[in-house]
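For reference, the chains in residue letters:
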Amino acid sequence: MRIAIVSDIHGNRTAFEAVLADLRDASPDLILHGGDLADNGSSPVEIIDQIRDLGWQGVVGNTDQMLFSPATLAEFASQSPQLKTLFATIEEMAAHTRAALGDDRLHYLRSLPTIQIRGPLALVHASPPSPWRAPAHTAGDDELESVYAPLGQPVNVYGHIHYSFVRNTAKPAKGAAAPSVQLSDNAAALRFAGSSLKRIVANSGSVSLSYDGDPRASYLLLHESTPTIRRVEYSVDKELKALSQCGLPHADWIAKILSTASPQMP
């Protein structure tokens, strides 16, 4: 069975349409979304409506949660008072998106579960306890094991950090070569060298707002328990134009992230 994980769309309709075209070529049997659907983009209403029309199941992301429950953002922000200005900017943008979505779409976001289990796959937005906190792409195997082993599945996928990777957290048998990740222009596929599979932890990357220096959209394709990262080119300039015309507060901040494919401060 082939399962696609499409996460962190963030209201970017241009990138989403490019991913949909690539999905038609990839032809997965099942598509799941990893949350963070609407906020921080030019087309939050269109993205949610299209995902509902497509019938995709998925999980709730932290920016989804802060739209239907603003208190969750306030609680998270209270833990980092030195970033008060940043969180004030995020809330101003969320308020705009919240008003655009309306009650029915907010109810849809509220209905999303925190975990999806499908065959060998466990999907969360960030981590099992919280959609707000997740290991970084630089996390060690021990940290990844401690966070995702409680899900009890051989393949564990999350989004949230906007940085794709695939890792085998198994400990090689004595004398065996360590597992390796081989990268190519279009995919990152996990290969095993002298080691039996214990657990895979993968990050799907993000459809929008990439942080890894590559502006292309990213999603994950799982085939017979082997995950592959697919990168999809789209017109960033087209999305920048849509952002400039959508009325989203601080759209210039989002434009900087899209243009540089790296984290930026507002």
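Here the structure is a predicted model, which means the values were calculated and not measured.

Asker: I'd like to hear about the environment of Leu-240, residue by residue, with values.
Answerer: By the secondary structure assignment, Leu-240 is in helix H7 (residues 236–245). Note: C-alpha distance between Leu-240 and Ala-251 (eleven residues apart in sequence) is 8.9 Å. Residue contacts for Leu-240: discarding those within four places in its chain leaves Ala-255, Leu-258 and Ser-259.

Asker: So what's going on with the environment of Pro-120? Which residues, and what values?
Answerer: Tracing the chain through its elements places Pro-120 in the loop between strand E4 (115–118) and strand E5 (121–124). The spatial distance from the C-alpha of Pro-120 to the C-alpha of Pro-154 is 5.8 Å, given a sequence separation of 34 residues. Once residues within four sequence positions are removed from consideration, Pro-120 is found in contact with Gln-153, Pro-154, Val-155 and Ser-225.

Asker: Explain the pattern of salt bridges to me, and be specific about the residues and the numbers.
Answerer: Following the criterion strictly, the structure yields ten salt bridges and no others. A salt bridge links Asp-212 to Arg-231; its shortest N-O distance comes to 2.7 Å. Here Asp-212, found in the loop between strand E10 (200–203) and strand E11 (217–223), pairs with Arg-231, found in strand E12 (residues 226–232); they are 19 residues apart in sequence, far enough to count as distant. Exposure remark for Asp-212: the relative accessible area of 24% places this residue in the partly exposed category. Among the charged side chains, a salt-bridge network with shared partners connects Asp-212, Asp-214, Arg-216 and Arg-231.

Asker: Outline the confidence of the model for the chain, listing residues and values.
Answerer: Residues with a pLDDT of 70 or more make up 89% of the chain, whose mean pLDDT is 91. pLDDT under 50 marks residues 173–196. Its contacts with residues more than four places away, or in other chains, come to 45 contacts.

Asker: How would you summarise the nonpolar core if you had to cite specific residues and measurements?
Answerer: With 51 residues, the main nonpolar core has Val-6, Leu-23 and Leu-109 as its most contacted residues. Broken down by element, the residue count for this core peaks at nine residues, all from helix H5 (residues 84–111). Here Val-6 is in contact with Val-19, Leu-23, Ile-31, Leu-32, His-33, Gly-34, Trp-56, Val-207 and Tyr-219, once residues within four sequence places are set aside. Counting residues in hydrophobic clusters, the runner-up holds 15 residues, among them Leu-121, Leu-123, Val-166 and Ile-229.

Asker: Would you mind going over the pairing of E5 in detail, with residue names and values included?
Answerer: Because side chains alternate across E5, one face comprises the buried residues Leu-121 and Leu-123, and the other comprises Ala-122 and Val-124, equally buried. The pairing of E4 with E5 spans four bridges and is classified as antiparallel. Of the residues in E5, the one forming a bridge with Ile-115 is Val-124. Here E4 folds back onto E5 in antiparallel fashion, the turn holding two residues, of which Gly-119 has a positive phi close to 60°. Where E5 and strand E6 (residues 155–158) come together, three bridges link them in parallel fashion. Looking at E6, one finds that Leu-123 is bridged to Val-157.

Asker: Describe the packing of aromatic side chains, naming the residues involved and giving the relevant values.
Answerer: Considering all chains together, one arrives at five aromatic pairs under this definition. A centroid spacing of 5.7 Å and a plane angle of 75° characterise the contact between Phe-16 and Trp-56, whose relative ring orientation is edge-to-face. In this pair, Phe-16 sits in helix H1 (residues 13–26) while Trp-56 sits in the loop between helix H2 (44–54) and strand E3 (57–58), placing the two residues 40 residues apart along the sequence. Members of the aromatic cluster, each reached through a chain of ring pairs, are Phe-76, Phe-87 and Trp-132.

Cut-offs applied
Residues numbered from 1 in each chain as written. Predicted model: local features only at pLDDT ≥ 70, side-chain atom pairs only at ≥ 80, totals over all residues. Heavy atoms only, no water. Helix = DSSP H or I, 4+ residues; strand = E, 2+ residues; numbered from the N terminus. Contact = heavy atoms within 4.5 Å. Salt bridge = Lys/Arg side-chain N within 4 Å of Asp/Glu carboxyl O. Buried < 20%, exposed > 50% of the residue type's maximum accessible area, 1.4 Å probe, protein only. pLDDT = per-residue confidence, 0-100. Core = buried A, V, L, I, M, F, W, Y, C linked by side-chain atoms within 4.5 Å. Pairing = 2+ DSSP bridges. Phe/Tyr/Trp six-rings, centres within 6.5 Å; stacked < 30°, edge-to-face > 60°.

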